[in-house]
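Chain by chain, the residues run as shown.
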Amino acid sequence: MSTLLISLAALLVGAILGAILSGRRSRAGEASPGLESGDVPQMMDLLRRANGAMAACFVAPDAEPAWAAYEPLAGAVADRATAVARLALGDAGDHKVSEAGSVFVAAGDGRIGCALVFTQSAADAIDLERANCDIRRLLAGLREHRLRESGVLQIPRDIPEWLTNGPETVEGIAAQLCEEVHGVSSRPSALVLRDAGAKRVSIVAVSTGADRRLVGFPVSSYSAAGRASSGDVPIAGKSGEDLLGERKGDRRAREEEGIAFPLRDGREGIGSLIVFGQPDAMPERVREHIAWLVANAGPKLGRATTVRAAESRATTDELTGLANRRALERAMAAHGDGDCSVLCVDLDHFKKLNDGFGHAAGDAALRHVAVIFRNALREDDIPCRMGGEEFALWLPGVPANRALEVADRVLSAVRGSVLEWGGAELPITCSIGVAAVPDTVSRIENLLAAADVALYRAKDEGRDRVVLAKPGHGSP
């Protein structure tokens, strides 16, 4: 249903945007007819039905809210939904509020706010993170359309096909932009993006001729690329350190120079496009062409990063930052044939820790072991928090004997660590159940169940130990 929402909403964007932009009050006490058009309620009803909500509220500055509901809302509920939507509009954030038997999920981008209203029973049965993701997708599409309609982006006939019908992922768009710039300038290029919280700036793609080791490199905020990412004018760098920040142990990179073009989504700086080579030797017509490409690609990248951030929230455990159950199930479903293993991990005596030191100490313990799990696994492995003190470690391509080695390493690392809390040192141990395809079960669908049974055996046998699932257990 989420895909249907996105497809149909795209057809309504133009009319909706016109309604929003014309939604200022035409005279005291009366809303402009724009927000009363049938398109806005239609879009909101589509959003509502796609997520099983009882109502949807859409707000813009100085305009009456647009509503869709399957039955009239009580005044207090409607007022609260409007308030939460306006809060999201104002701080461009995500909000979830439970109050008086209703649950409000809202998101905004500083220009528009939207809230979905659920009954408590409905909220308990559905995926609220996915609802938030749907709202974010819609807002991202509206923002890109608003920029094009307002003339910020000019689209001549010879605009590259990939800018309109090309890839929709961050990495795909970034790679296409880098190659396009390389073709225009005959110089290698790299694309720098901020993360969702603007706390980290790193290179996500490079063109032909650029050093592939740059992908993933964190760019310093004081460098030319870092400053261009939050500014609005190109900034030249006379060395690799000046352009990107110091890269220890890589002397050749420090000899590079280039120019960083700011990459913006409307008023917001989201990154920069680096073109390597002597800045003064770049012809003005080439510079202008690159600036035009970057200006047109900014909103497309902004939309892709917004969607990716929303999807990341839907597959990430908020407390530990690990993947959640949904992410694990997706990874397992995509594995296909071949060896694979799962470790089910449970912290021992976690209730005693919570009761004795408080829930804050329990949360600290969960974050503490999450770091241990990350450090103990390979890059392709996925540590997940399943809920409470239960974790699962997904090991693609790993047979049972190697999975047992990983489990022993994890067990020892947790046992050997100490959580410092309130001046006390709190020892932590865990129990681990291991299952593998094809060693203990024949089908990947039975891995978690088999590992979970092995975990309970480990706890029954005294905790702080690893138990391998019995062959054939969990098979149909």
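Residues numbered from 1 in each chain as written. Predicted model: local features only at pLDDT ≥ 70, side-chain atom pairs only at ≥ 80, totals over all residues. Heavy atoms only, no water.

Things to note about the sheet that holds strand S10 (residues 268-276)
At step 1: Sheet architecture is open: 5 strands sit in the order S7-S6-S10-S9-S8, paired in antiparallel fashion. The outermost strands of the open sheet, each flanked by one partner alone, are strand S7 (201-206) and strand S8 (235-237). Put simply, the sheet's adjacent strands are angled 30 degrees from each other on average, direction ignored.
At step 2: Examined bridge by bridge, S8 and strand S9 (residues 258-265) share 3 bridges and lie antiparallel to one another. Note on S9: the bridge partner recorded for Ala236 is Ile259.
At step 3: Set on the sheet, helix H7 (residues 170-185) makes contact with strand S6 (189-194), S7 and S10; between it and S6 the angle comes to about 145 degrees. (Pairing = 2+ DSSP bridges. Helix = DSSP H or I, 4+ residues; strand = E, 2+ residues; numbered from the N terminus. Axes fitted to C-alpha atoms, helices over the stretch in contact; angles between N-to-C directions. Contact = heavy atoms within 4.5 Å.)

Some words on the nonpolar core
At step 1: Leu343 and Ile432 are the most contacted members of the largest nonpolar core, which has 31 residues in total.
At step 2: The set of elements that each furnish at least two residues to this core consists of strand S11 (340-347), helix H13 (350-357), helix H14 (359-376), strand S13 (390-396), helix H15 (400-415) and strand S16 (430-437).
At step 3: In this structure Leu343 touches Phe391, Ala392, Leu393, Leu395, Ala403, Val406, Ala407, Ile432, Gly433 and Val434, once residues within four positions along its chain are discounted. (Core = buried A, V, L, I, M, F, W, Y, C linked by side-chain atoms within 4.5 Å. Buried < 20%, exposed > 50% of the residue type's maximum accessible area, 1.4 Å probe, protein only.)

Some points on the packing of aromatic side chains
At step 1: For the structure on display, the rule yields 1 aromatic pair.
At step 2: With a centroid separation of 5.1 Å and an interplanar angle of 70 degrees, the aromatic rings of Phe373 and Phe391 are classed as edge-to-face. Separated by 18 residues along the polypeptide, Phe373 in helix H14 and Phe391 in strand S13 bring together distant segments of the chain. (Phe/Tyr/Trp six-rings, centres within 6.5 Å; stacked < 30°, edge-to-face > 60°.)

Here we look at the packing of H14 against H15
At step 1: The contact between H14 and H15 brings their axes to 10 Å, and the two run at 140 degrees. In this structure, H14 crosses over H15, and the sense of that crossing is right-handed. Here H14 contributes Val369, Ile372, Phe373 and Ala376 to the contact with H15, which in turn contributes Arg409, Val410, Ala413 and Val414.
At step 2: Counted by class, the contact of H14 with H15 contains 7 nonpolar, no polar and 1 charged residues. (Left-handed = near helix turned anticlockwise from the far one by under 90°. Nonpolar A, V, L, I, M, F, W, Y, C, P; charged D, E, K, R; others polar.)

What about the environment of Ile135?
At step 1: In this structure, Ile135 sits in helix H5 (residues 128-149).
At step 2: Residue Ile135 is classed as buried on the basis of its relative accessible area of 1%.
At step 3: The spatial distance from the C-alpha of Ile135 to the C-alpha of Leu47 is 7.8 Å, given a sequence separation of 88 residues.
At step 4: Beyond its immediate stretch of four places on either side in the chain, Ile135 contacts Leu47, Val105, Ala107, Cys114 and Leu116.

Details of H15
At step 1: In a regular helix each residue adds 1.5 Å, so 16 residues correspond to 22 Å; H15 covers 22 Å between its end C-alpha atoms and thus fits that length.
At step 2: For H15, the set of buried residues is Ala400, Ala403, Val406, Ala407, Val410, Leu411 and Val414. All buried residues of H15 project into a common sector of 140 degrees when viewed along the axis, lining one side.
At step 3: Where H15 is buried, its residues contact S11, H14, S13, S16 and strand S17 (466-468). (Expected span 1.5 Å × (residues − 1). Arc of directions from axis to C-beta.)

Details of the confidence of the model for the protein chain
At step 1: The predicted model of the protein chain averages 83 in pLDDT, with 84% of residues at 70 or higher.
At step 2: Predicted confidence for residues 1-38 stays below pLDDT 50, and this span has 60 contacts to residues more than four positions away or in other chains. (pLDDT = per-residue confidence, 0-100.)

Topic: the pairing of strand S4 (residues 102-108)
At step 1: Counting buried positions along S4 gives 7 out of 7 residues, so the element sits mostly inside the fold.
At step 2: With burial as the criterion, each face of S4 is covered, one bearing Ser102, Phe104, Ala106 and Gly108 and the other bearing Val103, Val105 and Ala107.
At step 3: Here strand S3 (residues 94-99) pairs with S4 via 6 bridges, running antiparallel. Looking at S4, one finds that Asp94 is bridged to Ala107.
At step 4: For S4 and strand S5 (residues 113-119), the ladder comprises 7 bridges, and the chain directions are antiparallel. Bridge pairing links Ser102 to Thr119 in S5.
At step 5: Counting the residues between successive antiparallel strands, the hairpin from S4 to S5 contains 4 residues, one of them, Gly110, with a positive phi of roughly 90 degrees.

Observations regarding the sheet that holds S17
At step 1: Strand order in the open sheet made by the 5 strands is S12-S13-S11-S16-S17, with mixed pairing throughout. Among the strands making up the open sheet, the edge pair consists of strand S12 (382-387) and S17. Each neighbouring strand pair of the sheet contributes to a mean axis angle of 20 degrees, computed without reference to strand direction.
At step 2: Note: S16 against S17, 3 bridges, orientation parallel. Within S17, the residue paired with Gly433 across the bridge is Val467.
At step 3: With respect to the sheet, helix H12 (residues 325-333) is in contact with S11, S12 and S13, its orientation differing from that of S12 by roughly 130 degrees.
At step 4: Taken strand by strand, H15 contacts S11, S13, S16 and S17, and its axis lies near 165 degrees from that of S16.

Description of the packing of H13 against H14
At step 1: The contact between H13 and H14 brings their axes to 6 Å, and the two run at 135 degrees. Comparing their axes, H14 and H13 come out oblique. Of H14, the residues touching H13 (which contributes Phe350, Leu353, Asn354 and Phe357) are His359, Ala361, Gly362, Ala365 and Leu366.
At step 2: Split by residue class, the contact of H13 with H14 holds 6 nonpolar, 3 polar and no charged. (Parallel < 35°, antiparallel > 145°, perpendicular 65-115°, else oblique.)

A look at the environment of Asp232
At step 1: Tracing the chain through its elements places Asp232 in the loop between helix H8 (224-228) and S8.
At step 2: Contacts of Asp232, omitting those with residues within four sequence positions, involve Pro262 and Arg264.

Examining H14
Think of an α-helix as turning once every 3.6 residues; residues three or four places apart then point the same way.
At step 1: With 18 residues, H14 should reach 26 Å at 1.5 Å per residue; the first-to-last C-alpha distance of 26 Å fits that figure.
At step 2: Where H14 is concerned, the buried positions are Ala361, Gly362, Ala364, Ala365, Leu366, Val369, Ala370, Ile372, Phe373 and Ala376.
At step 3: Where the residues of H14 are buried, they touch S11, H13, S12, S13, H15 and strand S14 (418-421).

Remarks on the side chain of Ser185
At step 1: Relative to the helices and strands, Ser185 resides in helix H7.
At step 2: Overall, the relative accessible area of 13% leaves Ser185 in the buried class.
At step 3: A distance of 2.8 Å separates the side chain of Ser185 from the backbone oxygen of Val181, its partner in a polar contact.
At step 4: There is a polar contact of 3.2 Å between the side chain of Ser185 and the backbone nitrogen of Arg187.
At step 5: Those residues in contact with Ser185 that sit more than four places away from it in its chain are Val275, Val286 and Ile290. (Polar contact = N/O pair within 3.5 Å; in protein donor to acceptor, adjacent residues only side chain to side chain.)

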